[in-house]
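Fold and geometry: a report
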Amino acid sequence: MGFFRGILKFLFFFILLPAALYARDITITVEDQELGLPLEGAVVSLRNGEQFVCDEDGRATVSLSDNRQQVVQISYPGYDTSRVSIPPAESGVEHLTVALRLSGVMQGRELVLEAQRPETSETKSGRSVAISERELERTAEIGIIEDVMKSIKLLPGVGYTGMFGAMPSIRGGDPGDLMAALDGFYLERPYHWVGAVSIFDPKMVSSARLSHGVFSSRYGHTISGLLEVTSKSPSPTETELEAGISTSAASINLSYPLGGGGGVLFMGKVSYWDTLVWTMQGLSRIIENETLDMINSVSTAPYIRSAALSANYRFGPNLEWRLNSFFGSDGVGASYKNNYNEPNIKGRMEMAADYNNYQGFLISGLTASPTPKLALRFTAGAGFIETITEDMVDNNVTVKYNDTFWKYLDSFFDDSPYPLPSEVFKKGDEYTAPDVNASIKLESTVFTAQTRADVDWELGNGFIAALGVQELYSLWGQKGDIGLNFVEVPVDRLMHDAQTLQQLGLDPALIGLIQYLGNIPNMAIIRPMGYNLDVRNHGLTTSGYGLVEYTSPNQFIGMELGLRLDHLYFMGKDFTTQTKPALNPRFNIDFGLLKNRGMVDSLGLTLGTGLFSSIDKLISFMNKDFLNSKMDLQFNRSWTSVIGVKVDMAQSYSFNIEGYYKYVFDRASITADIASGSDIKPGFKFDGIGNVWGIDLQLQKLESRYIDGWVSYSFNWAKYYDPPVDDPSGDQGLNMGRTGNMRGFWYWPSFHRFHNANIVLNFKPLQWFNIAARFGFASGQPRNKVSKTVEPYPVLTIDKDNNAVIMQKYRRDSWYDENERSSWSLPLDVKFSFFLFDRKGRVGTEIYLAAENLLSLVYSPAGNVRFNEYTGKEDTTGSGNFDFPIPMASFGFKWRY
């Protein structure tokens, strides 16, 4: 044992010896920009995470590991964070003075900053847009739900999703393709309420970055966008406590130091909407609005319960351990009943839904720098999601027959060998439609375990090499029944297939008659259908990357060339399959064209191109029958190219413009055969393509004393194409695309918007009073063109006992139209914050009042007029638009120590 201990001492001596040979010290003085007073307690952070605290004279002696030029980060509570470049040793500089500007936000709150690698915490033109902790406070901590995605949705390139929608389209990509990573750990479905909000509470996050350009080969699993979230770290020296209560939530955060080497941060939050539901139910009795009236069907108010733990400890200047854990639950319940009681229609409609979701994860990591030129990072963790849903729809009506209706049907049977429909199906002057219902009972389980290792190695002369590997194991389990008795299929699809009708167990004497009914225009059939799920699939995704970065001595040029490889091995019940390895080369080059010329601090040009891959989430429930005979399984792929120009100007202004083109290929889509049996028969195709291009602009005023924020605008053009499926039956039952459009032609996807614009402003007229405002404009999404004429049509219904009835229903024709769009959306949110401080600045209080969706008082997007499908009567109480019809007001109280 002594021999091995000696060997370890020998190795550590020679590994760390270069650091001692090239180390140097430099003194940094930090002071207030306006008063010139020293800022005792200001923190100077190096890139490797090491921190130095200023003494009572505002001075800190910083030990640097080598003679190269380095960038340090300086922060102090209540002041703008600053980055300072320390010249190389040969410059002879041994002392620097840095002046910080008062930010005008709440004082007394220590800003704990991890010295993250630049690629995880900074905005980089052509690659990503980052949001700091300070910006998250102003844009995410607002309204009835505080969510990091509220800030992300205000960035250029992000499609508008409404007040409740945490799954936006990123630069024309599918919303489900947005991947999220917390401290490098990939999270599957990090959402509450089926994607309405994310699990990322602003109080657990120090920064967030949306990568939607040609980002580094270090990350993958997406062809559209990657949300990189950096967790908040506890203070290593101070005990901190924050508590808050508002109209819809209560929270507590407690940070406790661990002897100066690290700390533990606990965060807990409970969201309760009972008060909001009661208030809105009262308003629904005063305001006549169909959307608002839906609040009366809520049986269990939406809720979220969550807790998170973050811990870190620095064992020395070159070794740090970290831990993150999270557990959350959310749910909602609804129950709706409506009785038909009109002259020509009697009956009821009942709906009930119950949704509960549980998720959690545990992540641990180790960062080490055995030499000044080598950085090692190891991360491992596991997580789970369990979702239980139970839904029911029961619609039973009795309608009076119209004699004209029977004459119309019988007219098609004058020369037929079959009896008249009125002789077979008419059972009096009225009919009771068989229960047109649906029942869904599903239990979905996801378990993931992953580990990754990353190495950064500085080669010298401006070169850095990096490589890494990752293993991601996923278990997808789904169990339940989907029973449908309301799927309408044109009868003419069944005319060719008597065998399908026989499978339904119908009276053989009726089969020919039903087939002949297909001669009647628009004749439809409602028949029992279902799908049984009992799936337990496993996936093992192996990823690896290697890259080289180069920065010239004068920073005129910078490049990154990388290659990423992804491979999935899929194990299902009684079968295995795998993808071909996806090779994703990526290249970026940056030019520093100007520096310190007049009003221009810097002007940069970025060019990038690369390939990306992701696994479609739909495959999680597939079985052997879903694939073709070759068992082909493929990644979604995209080739993305970006050009960007970024200008940093005097007085903290920054302007960035980017243009991009993205070609999507091997895109997964699902087919659903609903015309050849009593069961739904899904299938997968991997041949979809798409063309996407656009322009993003952002003008930003960086954090300052009185006003900051940004203005952004995005234009996006995105069209997709799903090739038609070979269907031996000759009908179009299989040719439904991914978003409900018919296959075989180019179409705008349902999530597409041409224009998205946002104005985000923070006014700070006084230190104790702030105003935050957000205004947006979003053009409409595609929708079907709808006829203004409501027309009757005959429907043959078959219940689970195979009783057949013909009834009359009403419909409006609808069809895909290139130019048909929903109305514009104009969201406006405002937050007023009042701050109170004690004399020592240790205790702070914030009282705020916020209002979301203010313009709903004067503007509401128009929708199609709804109508009763059994009477044809238009509904005058609603417009078919489901945007929230009233402003949402909230107020709260936050206390910090």
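Residues numbered from 1 in each chain as written. Predicted model: local features only at pLDDT ≥ 70, side-chain atom pairs only at ≥ 80, totals over all residues. Heavy atoms only, no water.

So, the overall build of the protein
If you tally the helices and strands in the protein, you get ten helices and 43 strands. The burial tally for the protein puts 52% of its 897 residues in the buried class. Long-range pairs, those at least 24 residues apart, make up 70% of the contacts in the protein between residues at least 6 apart in sequence. By element, 59% of the accessible surface of the protein is carried by carbon and sulfur atoms, the whole surface being about 39,800 Å². (Helix = DSSP H or I, 4+ residues; strand = E, 2+ residues; numbered from the N terminus. Buried < 20%, exposed > 50% of the residue type's maximum accessible area, 1.4 Å probe, protein only. Contact = heavy atoms within 4.5 Å. Areas by Shrake-Rupley, 256 points an atom, 1.4 Å probe, with all protein chains shown as cover.)

Regarding a nonpolar patch on the surface
Residues Ile245, Leu766, Trp768, Phe832, Phe834, Leu836, Phe837, Ile847, Leu849, Phe891 and Phe893 make up a contiguous nonpolar surface patch of roughly 1,000 Å² in combined accessible area. Counting residues per element, the ones that place at least two in the nonpolar patch are β41 (828-837), β42 (844-852) and β43 (888-896). Counting residues per element, the nonpolar patch draws most heavily on β41, at four residues. With respect to the element layout, Ile245 can be found in strand β15 (residues 240-246). (Patch = residues over 30% accessible without salt bridge, like charges linked within 9 Å, V, L, I, M, F, W, Y side chains within 5 Å. Salt bridge = Lys/Arg side-chain N within 4 Å of Asp/Glu carboxyl O.)

Comments concerning the pattern of salt bridges
Tallied over the full model, the rule gives 30 salt bridges. Between Lys764 and Asp708 there is a salt bridge, with its nearest N and O atoms 2.5 Å apart. With Lys764 in strand β35 (residues 755-766) and Asp708 in strand β33 (residues 707-721), this pair connects stretches of sequence that are 56 residues apart. Relative accessible area serves as the criterion here: at 1%, Lys764 is assigned to the buried category. Taken together, the shared-partner salt bridges connect Glu141, Glu146, Asp201, Lys203, Lys269 and Lys894 into one network.

A short note on the confidence of the model for the protein
Looking at the protein, the pLDDT average stands at 80 and 82% of residues meet or exceed 70. Counting interchain partners and residues more than four positions distant, the pLDDT-below-50 stretch residues 1-22 has ten contacts. Predicted confidence is poor over residues 104-121, with pLDDT under 50, and the contacts of this stretch with residues over four places away or in other chains come to 73 contacts. (pLDDT = per-residue confidence, 0-100.)

Considering the packing of aromatic side chains
Under the defined criterion, the tally for this structure stands at 25 aromatic pairs. Ring plane angle 20° and centroid distance 6.0 Å describe the contact between Phe715 and Phe754, whose orientation is recorded as stacked. Here Phe715 is found in strand β33, whereas its partner Phe754 is found in the loop between β34 (746-747) and β35, with 39 residues between them in sequence. Taken together, the aromatic side chains of Trp693, Phe715, Trp717, Trp748 and Phe754 make up a single cluster linked through ring pairs. A cation over a ring is seen here: Arg821 above Trp748, with NZ or CZ 5.4 Å from the ring centre. (Phe/Tyr/Trp six-rings, centres within 6.5 Å; stacked < 30°, edge-to-face > 60°. Lys NZ or Arg CZ within 6 Å of the ring centre and 35° of its normal.)

Quick notes on the sheet that holds strand β10 (residues 185-187)
The strand order across the open sheet formed by five strands is β8-β13-β14-β9-β10, and the pairing between neighbours is mixed. Each end of this open sheet is capped by a strand with a single partner; those strands are β8 (128-132) and β10. Direction aside, the axes of adjacent strands within the sheet are offset by 25° on average. (Pairing = 2+ DSSP bridges. Axes fitted to C-alpha atoms, helices over the stretch in contact; angles between N-to-C directions.)

Looking at the sheet that holds strand β5 (residues 70-75)
The sheet built from four strands is open, its strands ordered β3-β2-β5-β6 with antiparallel pairing. Every other strand in the sheet has two partners, leaving β3 (51-53) and β6 (82-86) as the edge strands with one partner each. Direction aside, neighbouring strands of the sheet carry axes that sit 25° apart on average. Alignment of strand β2 (residues 43-45) against β3, held across three bridges, turns out to be antiparallel. The residue bridging Ser45 from the neighbouring strand is Gln51, located in β3.

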